[in-house]
Structures are given as C-alpha cells and as structure tokens.
Amino acid sequence: MTVSGPGTPEPRPATSGASSVEQLRKEGNELFKCGDYEGALGAYTQALGLDATPQDQAILHRNRAACHLKLEDYDKAETEASKAIEKDGGDVKALYRRSQALEKLGRLDQAVLDLQRCVSLEPKNKVFQEALRNIGGQIQEKVRYMSSMDAKVEQMFQILLDPEEKGTEKKQKASQNLVVLAREDAGAEKIFRSNGVQLLQRLLDTGETDLMLAALRTLVGICSEHQSRTVATLSILGTRRVVSILGVENQAVSLAACHLLQVMFDALKEGVKKGFQGKEGAIIVDPARELKVLISNLLDLLTEVGVSGQGRDNALTLLIKAVPRKSLKDPNNSLTLWVIDQGLKKILEVGGSLQDPPGELAVTANSRMSASILLSKLFDDLKCDAERENFHRLCENYIKSWFEGQGLAGKLRAIQTVSCLLQGPCDAGNRALELSGVMESVIALCASEQEEEQLVAVEALIHAAGKAKRASFITANGVSLLKDLYKRSEKDSIRIRALVGLCKLGSAGGTDFSMKQFAEGSTLKLAKQCRKWLCNDQIDAGTRRWAVEGLAYLTFDADVKEEFVEDAAALKALFQLSRSEERSVLFAVASALVNCTNSYDYEEPDPKMVELAKYAKQHVPEQHPKDKPSFVRARVKKLLAAGVVSAMACMVKTESPVLTSSCKELLSRVFLALVEEVEDRGTVVAQGGGRALIPLALEGTDVGQTKAAQALAKLTITSNPEMTFPGERIYEVVRPLVSLLHLNCSGLQNFEALMALTNLAGISERLRQKILKEKAVPMIEGYMFEEHEMIRRAATECMCNLAMSKEVQDLFEAQGNDRLKLLVLYSGEDDELLQRAAAGGLAMLTSMRPTLCSRIPQVTTHWLEILQALLLSSNQELQHRGAVVVLNMVEASRQIASTLMESEMMEILSVLAKGDQSPVTRAAAACLGKAVEYGLIQPNQDGE
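About the criteria used
- Residues numbered from 1 in each chain as written.
- Predicted model: local features only at pLDDT ≥ 70, side-chain atom pairs only at ≥ 80, totals over all residues.
- Heavy atoms only, no water.
- Helix = DSSP H or I, 4+ residues; strand = E, 2+ residues; numbered from the N terminus.
- Buried < 20%, exposed > 50% of the residue type's maximum accessible area, 1.4 Å probe, protein only.
- Contact = heavy atoms within 4.5 Å.
- Core = buried A, V, L, I, M, F, W, Y, C linked by side-chain atoms within 4.5 Å.
- Phe/Tyr/Trp six-rings, centres within 6.5 Å; stacked < 30°, edge-to-face > 60°.
- Lys NZ or Arg CZ within 6 Å of the ring centre and 35° of its normal.
- Expected span 1.5 Å × (residues − 1).
- Axes fitted to C-alpha atoms, helices over the stretch in contact; angles between N-to-C directions.
- Left-handed = near helix turned anticlockwise from the far one by under 90°.
- Nonpolar A, V, L, I, M, F, W, Y, C, P; charged D, E, K, R; others polar.
- Parallel < 35°, antiparallel > 145°, perpendicular 65-115°, else oblique.
- pLDDT = per-residue confidence, 0-100.
- Patch = residues over 30% accessible without salt bridge, like charges linked within 9 Å, V, L, I, M, F, W, Y side chains within 5 Å.
- Areas by Shrake-Rupley, 256 points an atom, 1.4 Å probe, with all protein chains shown as cover.
- Salt bridge = Lys/Arg side-chain N within 4 Å of Asp/Glu carboxyl O.
- Lys, Arg positive; Asp, Glu negative; His and termini not counted.
- Charge placed at Lys NZ, Arg CZ, Asp CG, Glu CD.

1. Describing the overall build of the protein chain
No. 1: Counting secondary structure elements, the protein chain contains 55 helices and 0 strands.
No. 2: A total of 944 residues make up the protein chain; the buried ones form 54% of that total.
No. 3: Within the protein chain, counting contacts between residues at least 6 apart in sequence, those at least 24 apart form 69% of the total.

Okay, here's the thing in structure tokens:
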C-alpha cells in the first residue's frame, strides 16, 4: 500500500452531498499528484465544509496532513493526522503521517508509539518496519548523547564557577563549549533542566567580562525561539536585572545583552517554532504581559542616570525593532499606543539631551538619531487622525514644559527636542516649530557668543531648512544669518554647520539645472570647503559628518559631482568616515553616492509635453550636460577605483537603527548603478558586493529590495554564481530573484531574473529544489507565453534546466495540461534560440520520462515535421537535441519507431549516420540500430 500521498477512496453508495465531497476529494488528489499542495489543501478543506460522512472526514483530514507534510508545516500535519485518528483509530495512513510529523518536530518518543501501532496493524509492511528501525536508532543515539551531556554540563559549570580556575585556558574552553552546546535545542534544554539559568546567574554576578559574555551567549541559545524557556529565564533572573546589563560601560557585554533581549522579544512575539510544544501552555499564562514588562523596563532605562550612552542606544535599537508593527496589514497597533502613552516623554528626553557638555544622561553621537528613528516609526504606526493628534499634543506639551519657565537651559533643551522631531516625524517637528517663540529663539540663539548654544540653534535651523513649510521663511530670514556665521565665526564647528544650512538652501532646485538658488560658481565654492573639512582629520568625526551632509545636498549639481569624484583624498576620507563609530553619517554618505551615480529616479520628459509647457510659459526642468550617460559611466568607474564597494559593504553590515529602510534603498540604488556595465561586475564581486546585496534584497523598502534583487540578477547572469555567492549564500539569492518575476516588476527585471534563475537551476538539484520551494514554476510557465520574444525564450531556457527535477517532470507527465505541447511547438519556431531551449527541454524530459514519448504524436499533428526540421537544421546543437528526442522516442516504443521509419525520418537518419563522428552521428546510428532490432528495417549488405 502507498503511505506517502493521499489515498484513493473506495466507491460507496451515493448519499446527500456525497458526490460533491467525493468530487472535491478526487480533485484534491489530482492536484496533489501534480505538486500543487496548496491547491489540494483548498479542495480538501472545501470538501470538509460539506456534509461529509465520518469516514470521508477521516480521509480528508489525513490527506490534509499529507499536504502539510509536503509544505513542511509539521505542527498542522500532526493536528490533521490526529483528527483523522479520532475518527478512525485504525487508520494506518494517518498514524504513519502523524509519526512523520512528530519525528520532524523532535518528539521521537511519541512518534515511535504511532509507528509501533502501524506495525501491529500491518506486520508485513516494510515501510513501517524500516521507519521503526530508523527512529529506534535515533532514540538510542539521543539517550547516549543526553547521558554524556549531563556530565559535560556539570563539569563545565564546575570549571567556570571554580575561583581557583580564574583566567585559565581551561575556563575559556569551558565557556566556549557551553555556548556551542546551547546553540542546539537539545543542548539548550539540557542546560535549562540542569538548573543552568541559576548557575548562569552566578556567572553574571561575578562581573568578569569573559564570564558575563559566556553567560549571555548561553542564555541566547536557551531562549532562542522558545517561549516557555524565555519566560522562565526572565522569572529566575528578573526582567529588571536582564535589562540593567544593557547599561554597563563595557560595550561587548552591552551588545551581548542587547542580542539576548532581541531573542527574548522574538520568542515572546512569535511563539514556539521548535519542539516541546505540548509543555508550553502549562508554563505561559500571558506572553503579552511579559512583553510589556520587558518594554516598560527598557523605557525606564532610557532616563536612568548612570546608564552608559552605548546602553541607551542599544535600548532604543531594541524598541525600534520590537514595538512597531512589522506590517501595516496587521490591524493591531495597541503596543505602539501603549508605548506612546507610557514612554514618549522618556524618548523625547533622550532626543533632547546634549552630548557636549555632558548632561545628566550619558548619550553618544548616535543617540539623538536613534531617538528620531524610533519616534518616526511610532508616528508612522498610527492609524488615524485622533492617534496622531494625541502624539502631537504629548510632544508639544513636553516642549512647552521646557521652553516656558525653565530659563535658557530649558529653551536649549526644547530646541534640541524640536531638532530631534524634525529628523524623525517631521510633521510633529513642524508643529513644534510653530509654537509661540520657538523659531524666534532659534534665530536669536544663532547669534549667541556661547558655542554650545550656537550649535543647538544652528542645527535646528538646518533641520528646519529641509522642510518645505519652513524653507521659504528661512530663505528670507536665515540665509543672511547663516552667511554671516559662516564668514565671521572663528569656530569650525559653527562654520561647518552654517555651511550645511547654506548647502541645503542652495540645493532647493534638486537636479533641475535651471533652478539654481545661488550665483554661478557659489555651489562649487561651498563644495570645495566641505571637501576641505572632510579631509581634515584633526576635526572630530561628529563635526566632519556635517561636511558630508553638505555634500549630500550639493552633489545635486553635476559640476560638484565631477569635482568630487576627481578628489581621491575626499573620497578616501568619505569612505573612512562611513566605517567610523559616527553611524549617523550613513544616510548622508549614501545620498551623496546616489547623486554621483545618478541612481535616483529620473524620467526623460516627453518632447511634446515640453513644447506644450514652453508654449504655456510653464517651467521645464533641464538636465545638466554633465549628467548625460557618458559622464555618469565615467564617475562610476572612478568610484569603483576608489573602493566604493568595500565601503558600502561595511555600511550594510552596520548593526544600528541609523541603517534605516530608506538608507538601505539608497545603497541598493547605488549598487544597481555600479553593476550596470558588464565589465564592472567583476570588481563589484571582488570587493564583496555580492555578499552585501543579499541583506539589501531581503529587507527594506519594496523599491530598495527590488533594486538590490535586480543587481543580484545582473551578477548571477554574467559571473559564476558559486564563486560570487560561495557556500550557503547561493541559496539566499533565490528568493530575491523569484520576487522579480512578479507582474509589478518591469519586463527587464523579469528577463534578468529568468536568466539568473536559469544559471542557478543548472548548478545543482538542491538549488532547483529551492527554486521550486519559492513557488517560481507557475510564474516561469506564465512567462513562456509572454509576447516579448526575449522573455519567452528566457522562461523556456529556465524551464529546460528545471526539467532535471522530478517534481517538474511530474508536472509535464500529469494529464490534462499543455506543457508538453508548448515545448513541441516551440521546437518548431523560427527563433533559433527559443528552438534550442525548447528542444533541450524536450530531450531532457523524454530521456527521464519515456512515457512522454508516446504523447508527443498526440499533442500536435505537426510533430513529425518539427522533428525533421530539427534534424535538418544547419545548427549542430539543434540537430543533436532533435536526434536525442528521436532516439528516446524510438527506444520508448516500437509503434512510435514504426511511424518514424515509415516517414522521411529514416532517410534523414541514414544521411546523418554516415557523417563524421559526432554526437549527432552516434544518435542517428543508434536510432537505426534500434529500428533494425525491432525488425522494422534491414541492414544493407555492408551490415550498416
């Protein structure tokens, strides 16, 4: 009996609704055989909704279990199989499927019970006997492993907690082994059950860096993807204690604590993905409550005195990742609303803190930017005007509380908070600027003699200048002030910020050559000064960042771009700064690179619309002569020579909230521009561009992911994918490439994705399986009908390579489809490249599935002339593929061979068999030899 697929029902008397149930069940069975497991699941589900008998319900549930097994959703497979067993306790198929699901979930003790029941019901079934032997071996191995592990865990903790072993190599090795052991679920469970959390708490209490790191990394393994162990760990250690480790001065320990808390958040939000599922419910009462307790402690940490600046940044990073909804399709934003009510003032307090001179709260150069990003994400997560109005009200009340009655220090704090809002949710920042006296105070403080006061005011002015509502006011009132500060101030920190304000205002026309705010040559002078400051390593990184900000605006001007890429020292300084601890510079660096490579969106204006606009005396944007493609290509070459790819690869690796989705999109745009020319792609790969593109293609904005995926496609087409994406990385490329097959992508993106997938599909069966798992086959089939000949050809070539997989062969062999017919017809097309792809697929399929040979004459009446045309082609590759198809058909059936030999095919084969030794000659000779063997033809007197 068959135990792996849905069973075929026995006929039974028709009852009310039974015919519909049976019809849907048969439809599901056919879909399952064709590999459409989700379609089959839908059919079985629909059938269950009808008036099915208990026997039918049992069959449908076990068939649904089979679908879930194929889809690798083992939890649901177990549930469905259990429902079938409830209806019929002796259903061996359901018992076997449940055992398969339990084995995959790691619950071997339960799986073996089901298999024993199967063997007792069908003692002679070899499939059941073999499965029972295999799982018995796994259980014995696990018992041996766990018993040896008990002693190892105990020994490791003894070494780590022994005061006499302080700082020894033995202690270091024990800590490493403990971390490695915790990475496996069985090891993590063993440590957990051996009072490991309490012992790890003792390691944390030692205060020794190495021991604390070992403890935190081991706890990561214990909590990873396991809700109940996470809750138990928080209960034993105390949520407050875990969060407080974030605030220590040691950066490595703080980062390790940040990683642990991120794992805990994921476990609490996503639930269990691994085994021990049956024990979860008894331990967890309300994970949502634990989540809020954890977030509440993080919010408290933000305003605690004594917490390190790095720790505060890590807390903000965790809140950015944990609080807002992952998708706006999720209707529940209650966590965001709760955080706004409970912690908005605390976030604003960090955003309004001054790094220099140090205030009560220790902050870093990145703290305010992190606070801005968190505020922006919270604001974007709000769903209605009432929620947004509450956000505005809380921000305005906080700013007023500092601005009114708190003296000059309060005003500075309020203005710094407004700057934070302008960098984040700018709507809230604009509203705050309009509060009585705020803008006037900013202008007044710009003239202050105190550097700290000037810095706060000038930065606020700069951030306000980028917002449309305030730009006209500042252009009228602030330009003269900024120019005065730039010319007269003796402090570089003030001059550089004033310069950035002027750069912002001077770039208001964007790339429109005809809309320049300043006199001819002024932007070049400003840019030259920015480059000078950028190259001055005597100035601190926080101040030099502003020079990059200025260049990010000024590089809209093509003259500035040309001078910038010629300045090797400035490019080197830019790339070094992008690798520094000053993470807030990343967006400005990415913006400048987008401008230099012209990788922003630009559409050529319609000439007719231009003429119409001129006639109507409307403004027409003009492109700078140095923004033409030849200039852009030259700039790209210079950036590549300067090492731009290595710098961008380092930027992508940044573990900081400053690397926002928008920043990732900018980097994706630049990468796509860098790989545009085929000859540049080797340089991009050599400098680590292929590795850097994968995370950009998997996370970020839709536009950014698409751009990065297209860059990956270009690299995969023209280079060896196994060298470009070594090891396991090559499998991560598949999903981004498949995403380019969607209909919302352009024809060029579709084509390049198909070409790239063709290359991958030709490498290994594992890669083909990955492509199938990403559900690419239906989309590839759709493009085989595309009108554009290059897309149609690329899809056919891709299908040809995928045809090496059993699942694809099953699709062609399934009854009631035109897949085979399409390949036969394409083999007779005028497009030689399409012919080659289709004939290659046909040769592959007829070799692997001989049953298809007998169906070729049935799909079209022109089959014979198509095969003859292949054999008579002047292209030897087409000849060879045609000869292989004919040979497969001759070997498959004497009847088909007879039909072929009765046609002109025999003469064609005879001529080809007499040619010079080649694959075509050998295939033709083999065809004739088989025909002689069948007795259809006689050899001539020479025995040929």
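Picking up where we left off.
2. Structural notes on the nonpolar core
No. 1: Counting residues in each nonpolar core, the largest one holds 259 residues, and the members touching the most others are Ile-295 and Leu-674.
No. 2: Considering each element in turn, this core owes the most residues, 10 residues, to helix α14 (residues 251-270).
No. 3: When neighbours within four sequence positions are excluded, Leu-674 is seen to be in contact with Val-636, Leu-640, Val-644, Val-645, Met-648, Asp-680 and Val-684.
No. 4: Judged by nonpolar contacts, the second largest core, of 15 residues, contains Leu-102, Ala-111, Val-112 and Leu-115.

3. Observations regarding unusual backbone geometry
No. 1: Notably, Glu-72 is not glycine yet its phi reads approximately 65 degrees, a positive angle.
No. 2: For Glu-72, the position within the fold is in the loop between α3 (54-70) and α4 (74-87).
No. 3: Positive phi, normally seen in glycine, also occurs at Asn-598, with a value near 50 degrees.
No. 4: If you trace the backbone, Asn-598 turns up in the loop between α32 (586-597) and α33 (607-615).
No. 5: Look at Asn-598 and you get buried, because its relative accessible area is 17%.

4. A closer look at the packing of aromatic side chains
No. 1: What the rule picks out here adds up to 3 aromatic pairs.
No. 2: Cation over ring: Lys-411 sits above Phe-403, and NZ or CZ is 4.9 Å from the ring centre.
No. 3: In this arrangement the basic side chain of Arg-545 is found over the ring face of Trp-546, its NZ or CZ atom lying 4.6 Å from the centre.

5. Observations regarding α4
No. 1: Here α4 is 14 residues long and its end C-alpha atoms lie 20 Å apart, about the 20 Å a rise of 1.5 Å per residue gives.
No. 2: Taken together, the buried positions of α4 are Tyr-74, Ala-77, Glu-78, Glu-80, Ala-81, Ser-82, Ala-84 and Ile-85.

6. Thoughts on the packing of helix α38 (residues 689-698) against helix α39 (residues 702-718)
No. 1: Close contact between α38 and α39 brings their axes to 7 Å; oriented N to C, the two are set at 145 degrees. As α38 packs across α39, the resulting crossing turns out to be left-handed. For the pair α38 and α39, contact is made by Gly-690, Leu-693, Ile-694, Leu-696, Ala-697 and Leu-698 and by Gly-704, Gln-705, Ala-708, Ala-709, Ala-711, Leu-712 and Leu-715, respectively.
No. 2: A class-by-class count of the residues in the contact of α38 with α39 yields 10 nonpolar, 3 polar and no charged.

7. Some thoughts on helix α29 (residues 541-554)
Helical geometry note: an α-helix holds 3.6 residues per turn, so side chains three or four residues apart project in the same direction.
No. 1: Look at α29: 20 Å from first C-alpha to last across 14 residues, which is about the 20 Å you get at 1.5 Å a residue.
No. 2: With 12 of 14 residues buried, α29 is to be regarded as a mostly interior element.
No. 3: Along α29, the residues classified as buried are Gly-542, Thr-543, Arg-544, Arg-545, Trp-546, Ala-547, Val-548, Glu-549, Gly-550, Leu-551, Ala-552 and Leu-554.

8. Some remarks on the environment of Leu-121
No. 1: Among the structural elements, Leu-121 can be located in helix α6 (residues 108-121).
No. 2: On a C-alpha basis, the gap between Leu-121 and Gly-90 in space is 7.6 Å, while along the polypeptide they are 31 residues apart.
No. 3: In this structure, Leu-121 is in contact with Gly-90, Val-92 and Leu-95, ignoring residues within four places of it in sequence.

9. Examining the side chain of His-463
No. 1: When you line up the elements, His-463 lands in helix α24 (residues 451-465).
No. 2: If we skip the residues at most four places from it in the chain, His-463 touches Arg-368, Ser-419, Leu-422, Gln-423, Lys-504 and Trp-546.

10. Quick word on the packing of α29 against α32
No. 1: Taken N-terminus to C-terminus, the directions of α29 and α32 make an angle of 30 degrees; their axes are 8 Å apart at the nearest point. When the axes of α29 and α32 are compared, the pair comes out roughly parallel. Note that α29 runs across α32; the crossing there is left-handed. Two secondary-structure elements touch here, α29 through Val-548, Glu-549 and Ala-552 and α32 through Ala-588, Val-589, Ser-591, Ala-592 and Asn-595.
No. 2: Looking at the contact of α29 with α32, its residues break down into 5 nonpolar, 2 polar and 1 charged.

11. A word on the confidence of the model for the protein chain
No. 1: Chain-level pLDDT for the protein chain is 83 on average; 87% of the residues reach the 70-or-more range.
No. 2: For the protein chain, per-element mean pLDDT is lowest for helix α15 (residues 280-283), which scores 41, and highest for helix α42 (residues 734-739), which scores 94.
No. 3: Per-residue pLDDT stays below 50 along residues 272-285; that stretch engages in 22 contacts with residues further than four places along the chain or on separate chains.
No. 4: Note on residues 509-517: pLDDT under 50 across the span, and 22 contacts to partners over four residues away in sequence or across chains.

12. Some thoughts on a positive patch on the surface
No. 1: Together, Lys-269, Lys-321, Lys-326 and Lys-377 give the surface a local cluster of positive charge.
No. 2: By the secondary structure assignment, Lys-269 is in helix α14.
No. 3: Look at Lys-269 and you get partly exposed, because its relative accessible area is 35%.

13. Notes on the environment of Arg-583
No. 1: In this structure, Arg-583 sits in the loop between α31 (568-578) and α32.
No. 2: Relative accessible area serves as the criterion here: at 12%, Arg-583 is assigned to the buried category.
No. 3: Sequence separation between Arg-583 and Arg-545 is 38 residues, and the spatial gap between their C-alpha atoms is 9.4 Å.
No. 4: In this view, Arg-583 contacts Asn-366, Ser-578, Thr-654, Ser-656 and Val-658; residues no more than four positions away in its chain are not counted.

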